[in-house]
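Descriptive structure summary
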Amino acid sequence: MEIVSARSAGFCFGVKRAVKMAEAAAEEYGRCACLGPLIHNEDVVRRLEELGVRTVDSLDEITPGEPVIIRSHGIGRAEYEKLRALGCPVIDATCPDVARIHRLVEIESAAGRKIVMIGERSHPEVVAVSGWCGDSTVLEDPDEIEKWLSETPNSADLPISVVSQTTGERKNFENSVKLLKKQCTNAQIFDTICNTTSNRQREAREIASKVDAMIVIGGRHSANTAKLAQVCGECCGKVILIENASQLDIRQLEGACRVGVTAGASTPEWIIKEVNRMMSDEIKAVETVEEENKAAEAVENAAETVEAPAEVKEAPEAPEAEASFEELLERSIKTLHTGEKVRGVIASITPSEISVDLGTKQSGYIPISEFTDEAGVDVNDVIHVGDEIEAFVMRVNDVDGVVMLSKKRLDSVKNWDSIVEARASRAVVEGVVVEENKGGVVVNCKGVRVFVPASQSGLPKEAPMTELLKKKVRLRITEVNQPRKRVVGSIRAVAYEERRAKAEATWNEIEVGKRYHGVVKSLTSYGAFVDIGGVDGMVHVSELSWKRIHQPSEVLNVGDEIDVYVISFDKENRKISLGYKDPNENPWVKFTSTYPEGSVAEVKIVKLMTFGAFAEIIPGVDGLIHISQIADRRIGKPEDVLSEGEVVKAKIIKIDNENKKVSLSIRALSEPTAPVSKPEADEPEIDDDEPTVVYDTENPPAPEDLPQE
Ligand code: F3S
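Small disclaimer: the values here were computed from a predicted structure and weren't measured. (Residues numbered from 1 in each chain as written. Predicted model: local features only at pLDDT ≥ 70, side-chain atom pairs only at ≥ 80, totals over all residues. Heavy atoms only, no water.)

1. Description of the sheet that holds strand β14 (residues 341–349)
Rules: Strands are labelled as partners when DSSP assigns at least two bridges between them. Numbered from the N terminus, helices here are DSSP runs of H or I no shorter than four residues, and strands are runs of E no shorter than two. For every element, the axis is a line fit to its C-alpha atoms; helices are fit only across the contacting stretch, and the angle between N-to-C directions ranges from 0 to 180 degrees.
Strand order around the closed barrel formed by five strands is β14-β15-β16-β18-β17, with mixed pairing between neighbours. In this sheet, adjacent strand axes meet at a mean angle of 50° when their direction is disregarded. Note that strand β16 (residues 363–367) and strand β18 (residues 402–406) share three bridges and pair parallel. Bridge pairing in β18 places S363 opposite V402.

Spelled out as structure tokens, the structure:
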């Protein structure tokens, strides 16, 4: 059996620190109290009790003057004050990452902002954070956020500052933030999730996907251990959750060739070692992930050394074989500070983060979400292993030796000045719409978030803002609020100016007959308005099609791109009349070039009237068969012989080019000498007053206007 141990298994930095502080306190004071179990591990809590650390559930159980240990979850401000009043020495083991949230919410609250904390309402860390702010609310997931938004009056304008429980699930936080940003225009987001948890889960997932069985060691009441087991279960069929070595039944591992081991943040190293030792009888070879990774890194580093650009000389310090106490102390001193600008070399790129070699003892990493705000950017297209990169230090964890960096925040600072300059010079800036919220959209202009109110988006009033998402837009900066780092812009202002310039150019060059490629902007019952370049022209319904149509929507849709030509224009009154139907498709021209007078055509009866029948000769051209021309005998009414939709042969006996009217006769074909499809040699006798045929069957002449037999 081969065992693969997770490098990140066991105590996180905050818990390790708390345990050390508790041990030191027990040694110094002999007896002391701990507010709540120091960690979620009964073995550790029991061992501390033996050393003199008793666990109390509330401040009421504290005796005045008793030394009190604050666990890594921290406590609220009021509890500190009470301890001071009781004269208790305080051993404050609040994790520095948690303490940072206390400071943050305190400052934000003092600035009049409401604190929204994403996390488990009853979790001690969350309860403690609430004790550091005034107006605050705890929301657990997107469902609760949606409910809160709908029930909170003026939630859109509320100044809120959002933080997360350090051990919160990143996906949950991201989805929650997405919802809040969409609705609230004045939201400040602080990503306070501790990467130790996500790194541990990521490594556990990696190992679980390569082994036959996975052992997860941790307290049964620990949420982070439960989550770890769940993550492993997603990639591995067999996950065994134990609290210590005594709970491991080795028979459960029968048949497994590779077994992975990980542990929650509250599991001490000695329990992990014990589990490993217990399995060692079964083990033929132990190979840790650490060894694998070290070997892989060594190979990679060797390759990179050859390829590295000459100017990159700041390689990380080589690990020293032996270090004196002073040297170790020196190393533990923080060399990087939050907010500093650093330069490094990209060591690797994964789908979730970019590792940066800073040439210091800490390893830097940029979460992919901190690389850029530009939509659609594939990190691998813009940076490569070996490239130099500059970034801001977001968080330093000296104990774990990691530094979280952000490139997008550095870009944002760099580009802030150019935004301020653009405001002063009224220059047009470009950006991509990255977010939509109730009040408008947010445009990312080279890392600077610019809010564009809905009224300045350039979209019609009722149009959904989603239309703009991920689109590149041009805008003018209209407001810069330096202290609040708030920038407001207008897409509409630029669009308006650009349209005006285009319109001027169009009016200067317009002429009758000129063709334009335009966009249908709107439809009415009488026609379509088409933008031909900053100017809208109107295509009358009769100019849309050679066929009879009732509504412009039968031919066009809003947004269609079409070719039109100018029929007429009035510069003074700014009116343009456009044509859309193709003159080459004119059915009258087609008809007259195909059917001379005297020829015979197959026609379709389209309408029966008292005085005759209208028949379609070709689409767009109808003729009239007068009642006297329907049959070679006298008939009472046309429907005695014909019916609508019937196709019959008819002779074209008269074409009135001027009025575009055609007279047809069926009777003429019953004459014995009637030729087919040729001009008639001897026409049947037709009165000069023979009714002409009306082209428009919708508006036929009144029967009394027609000559009668
Ligand atoms: Fe602190 Fe992160 Fe552990 S916040 S207590 S180091 S999980």
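2. A few points about the site of the ligand
Going by this rule: For each residue, the test is whether any non-hydrogen atom lies within 4 Å of the molecule or strand; if one does, the residue is near. Classification used: nonpolar for Ala, Val, Leu, Ile, Met, Phe, Trp, Tyr, Cys and Pro, charged for Asp, Glu, Lys and Arg, polar for all others including Gly.
Near the ligand the following residues occur: C12, G14, C95, D97, T166, C194 and T197. Across the shell around the ligand, the residue classes tally to three nonpolar, three polar and one charged.

3. Brief notes about the nonpolar core
Our working definition: By nonpolar core is meant a set of buried Ala, Val, Leu, Ile, Met, Phe, Trp, Tyr and Cys residues that side-chain atoms within 4.5 Å join together. Any residue under 20% of the maximum accessible area for its type is buried, any over 50% is exposed, and the rest in between are partly exposed; the area is computed with a 1.4 Å probe on protein chains only. Any two residues whose heavy atoms approach within 4.5 Å at even a single point are treated as in contact.
Counting 24 residues, the largest nonpolar core has F591, V603, I617, I652, V662 and L664 as the members making the most contacts within it. Those elements that place two or more of their residues in this core are α16 (587–594), β29 (600–609), β30 (612–618), β31 (621–626), β32 (647–656) and β33 (661–665). The residues touching I617, leaving out its near neighbours within four places in the chain, are F591, Y595, A601, E602, V603, D622, G623, V662 and L664. Counting 22 residues, the second-largest nonpolar core is a separate cluster that includes A33, L35, I70 and I101.

4. Topic: the pattern of salt bridges
Spelled out, the test is: Here, a salt bridge means any Lys or Arg side-chain nitrogen found within 4 Å of an Asp or Glu carboxyl oxygen.
Scanning all chains against the criterion turns up 33 salt bridges. A salt bridge links E108 to R113; the nearest nitrogen and oxygen atoms lie 3.5 Å apart. Accessibility classification places E108 together with R113 in one group, the buried group. Between D531 and R499 there is a salt bridge; the shortest N-O distance is 2.9 Å. In this pair, D531 is assigned in strand β25 (residues 527–531) and R499 in helix α15 (residues 491–509), connecting sequence segments 32 residues apart. A cluster of three or more residues bridged by salt bridges with shared partners is formed by K341, R343, E388 and E390.

5. With respect to the confidence of the model for the protein
Test applied: Scored from 0 to 100, pLDDT reflects the predictor's confidence in each residue.
Residues at a pLDDT of 70 or more form 86% of the protein, whose mean pLDDT is 82. In this model residues 284–334 is a low-confidence stretch, pLDDT under 50, and it forms 45 contacts with partners more than four residues away in sequence or in other chains. Contacts of residues 673–709 to residues separated by more than four positions or lying in other chains number 84 contacts, the stretch itself having pLDDT below 50.

6. Overview of the pairing of β31
In terms of residue burial, β31 counts as a mostly covered element, since six of its six residues are buried. Along β31, one buried face is formed by V621, G623 and I625 and the opposite face, lined by D622, L624 and H626, is buried too. With antiparallel pairing between neighbouring strands as the criterion, β30 and β31 make up a hairpin whose turn holds two residues, including G620 at a positive phi of roughly 100°. In this sheet, β33 lies alongside β31 in parallel orientation, the contact comprising two bridges. Along β33, the bridge assignment pairs L624 with S663.

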